[in-house]
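# Working through the structure, step by step
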Amino acid sequence: MTHVQAGPTCSQLLAWMGADVIKFENPQGDATRGQLRDVPNADSLYFTMLNCNKRSITVNMKSAEGKQVFVDLLKKCHIIMENFGPGVLERFGFTWEKIHELNPKIVMGSIKGFGSSGPYADFKAYENVAQAMGGSMSTTGVPDGPPFVTGAQIGDSGTGLHLAIGLLAALRQAEHTGQGQYVEVAMMDGVMNLCRVKFRDHQRLMRGDLPEYSVPTYKDMGDVPRAGNDSGGGQLGNAIHCKPHGANDWLYIVVQEAVWDALARRIGPDIHIPDLATDARFAAIGERRKNQQLMWTLINKFAEKHTKRELMAILNPLDVPCGPIMSTEDLATDEHVRGRDMWVELDHPQRGKWWNVGMPIKLSASPAKIERSPTLGEHTDEVLRDVLQYDESRISSLKQAGAFSAPAKTPKKAA
Ligand SMILES: CC(C)(COP(=O)(O)OP(=O)(O)OC[C@H]1O[C@@H](n2cnc3c(N)ncnc32)[C@H](O)[C@@H]1OP(=O)(O)O)[C@@H](O)C(=O)NCCC(=O)NCCS
């Protein structure tokens, strides 16, 4: 019962790891099927990219017959997951206690914006709301600018990953104890978990400044500041602008302690500071931290004559950790990415050829075989027959009773 992005990320991942995932859909379909459409009347990429390797069954949970189908499925399945707004499943009559009673071994996964307890529990949430409330936005951006969201979907997809981990642990425990359990992940909690190092810095600020930050910090300043492209770790790092200075002509480099000498020897002569490696302003890490703005200026000066790929080719033999800022186009055409099955071509009956980002977890004996997403209700009959063993006459009477079609709209009462 997962929809939009957070839940489907989890269920798609489990499907890629071998689970038989039945997407139990509202007869109107997951809203993302129709959102941001690029091909008329076809399931959108928003939907297809998050719902691969699943079977789709539509069930009207606002009918008694639909609820019975749900109960029958509950008794057959190992996991039920949902990411509805607060209270939706309970309004259908299915609390965790009720579900546990129906199938004591089933594991239930639930994503909410803020979990089931606390002052925020009743609120809905989307990606950027979670980024705002989990500490990511206040620590992303440049100090004088507004807070920024990050392009990585840490609120939605990040929470889906957290849920998958919790479900696998609960599933393993249920094998031993015979008892399922309720696994809850709040998006806000998931984002906080991913911002762990920012809370490291939050506490360090109680004792002193943060010398590795390129922006000013001082004891008891309270909020961890936005620090642009600073590395965020013990080593200094930054994005260096390269030739021809377009939007993505940048190379991120980490000036690791161990590589400074080799780096300074290589770039020093070209920027007319032949003794850069022994220059007291940079020779020790403490001094480099204090003078890091100047150090970045010097490295940027060296980079003026090189593209990001050329600079990478210069720095790799020196063992300097670095990586070009890759655009989506760079990645979609990258040999390394293709070679690792991370950009996978698929076909779809409504939209034809399309591409999905591949499975990042590589299992040696059971690698993911990526298959297209289902059309709405494509497997309703198949699941009723093969999983629930309903016969044809039962299926057709349930259809007539409206178990698989959109709930009738309740007419509005006249004022
Ligand atoms: C994402 C979110 C904001 C979307 O809100 P929304 O579009 O209003 O959807 P909700 O989940 O609140 O409600 C779903 C509706 O579909 C109905 N529905 C869902 N499945 C149904 C089914 N099989 N049969 C009949 N009705 C169904 C529900 O009854 C509910 O309608 P109701 O409010 O009349 O009860 C909300 O689901 C949410 O906060 N989810 C938790 C956090 C989350 O996952 N957010 C990230 C999404 S990427």
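Residues numbered from 1 in each chain as written. Predicted model: local features only at pLDDT ≥ 70, side-chain atom pairs only at ≥ 80, totals over all residues. Heavy atoms only, no water.

With that settled, consider the pattern of salt bridges. Applying the stated criterion to the full structure yields 25 salt bridges. Across the pair R281 and D279 runs a salt bridge, and its minimum N-O distance is 2.7 Å. For R281, a relative accessible area of 38% gives the class partly exposed. Put simply, K399 and D381 hold a salt bridge, and the shortest N to O gap is 3.0 Å. Taken together, the residues span a long stretch of sequence, with K399 in helix α17 (residues 392-400) and D381 in helix α16 (residues 380-387) at a distance of 18 residues. Looking at D381, the relative accessible area reads 27%, which means it is partly exposed. It is possible to trace a salt-bridge network through shared partners that takes in R200, D201, R204 and E212. (Salt bridge = Lys/Arg side-chain N within 4 Å of Asp/Glu carboxyl O. Buried < 20%, exposed > 50% of the residue type's maximum accessible area, 1.4 Å probe, protein only. Helix = DSSP H or I, 4+ residues; strand = E, 2+ residues; numbered from the N terminus.)

With that out of the way, let us pick up the sheet that holds strand β5 (residues 182-186). Each strand in a sheet pairs with its neighbour through backbone hydrogen bonds, running either in the same direction (parallel) or in the opposite one (antiparallel). If you walk across this open sheet you meet the 3 strands as β3-β4-β5, and the pairing is parallel. Edge positions in the sheet fall to β3 (79-82) and β5, since each of these pairs with one other strand and no more. Going across the sheet, the axis of each strand differs from the next one's by a mean of 15°, ignoring polarity. Sheet topology note: the β3/strand β4 (residues 107-112) ladder contains 4 bridges and is parallel. Looking at the pairing, E82 lines up with S110 of β4. Where helix α1 (residues 6-16) meets the sheet, its contacts fall on β3 and β4, and the angle it forms with β3 comes to roughly 155°. (Pairing = 2+ DSSP bridges. Axes fitted to C-alpha atoms, helices over the stretch in contact; angles between N-to-C directions. Contact = heavy atoms within 4.5 Å.)

What follows is about helix α13 (residues 308-315). Those residues of α13 lying buried are K308, L311, M312, I314 and L315. Here the buried residues of α13 occupy an arc of 160° about the axis, which is enough to place them on one side. (Arc of directions from axis to C-beta.)

Here we come to the side chain of T32. Along the polypeptide, T32 turns up in the loop between β1 (21-25) and α2 (45-48). A polar atom in the side chain of T32 sits 2.9 Å from the side chain of D30. T32 has contacts with V4, S44, Y46 and F47, leaving out every residue within four places of it along the chain. (Polar contact = N/O pair within 3.5 Å; in protein donor to acceptor, adjacent residues only side chain to side chain.)

Looking now at the pairing of β4. Among the 6 residues that make up β4, 6 are buried, leaving the element largely enclosed by the rest of the structure. Residues V107, G109 and I111 point to one face of β4 and M108, S110 and K112 to the other, with burial holding for every one of them. Where β4 and β5 come together, 5 bridges link them in parallel fashion. Paired with S110 across the strands is E184, a residue of β5.

What follows concerns the site of the ligand. In the vicinity of the ligand, 25 residues are found, and the nearest of them are V59, M61, G85, K124 and A125. H3 is positioned with one of its side-chain polar atoms (N or O) 3.0 Å from an oxygen atom of the ligand. A125 places a main-chain nitrogen or oxygen 2.8 Å from a nitrogen atom of the ligand. Expressed as a share of its isolated accessible area of 930 Å², the protein-covered part of the ligand is 81%. (Near = heavy atom within 4 Å. Areas by Shrake-Rupley, 256 points an atom, 1.4 Å probe, with all protein chains shown as cover.)

Secondary-structure assignment places H306 in the loop between α12 (292-303) and α13. Overall, the relative accessible area of 15% leaves H306 in the buried class. With residues up to four places along the chain from it excluded, the contact list for H306 reads C242, K243, L311 and I314.

The subject of this paragraph is the packing of α1 against helix α7 (residues 157-177). Close contact between α1 and α7 brings their axes to 7 Å; oriented N to C, the two are set at 50°. Put simply, α1 runs oblique to α7. As α1 runs across α7, the sense of the crossing is right-handed. Between α1 and α7, the contacting residues are A6, T9, C10, L13 and L14 on the first element and S157, G160, L161, L163, A164, L167 and L168 on the second. Of the residues assigned to the contact of α1 with α7, the class counts are 9 nonpolar, 3 polar and no charged. (Parallel < 35°, antiparallel > 145°, perpendicular 65-115°, else oblique. Left-handed = near helix turned anticlockwise from the far one by under 90°. Nonpolar A, V, L, I, M, F, W, Y, C, P; charged D, E, K, R; others polar.)

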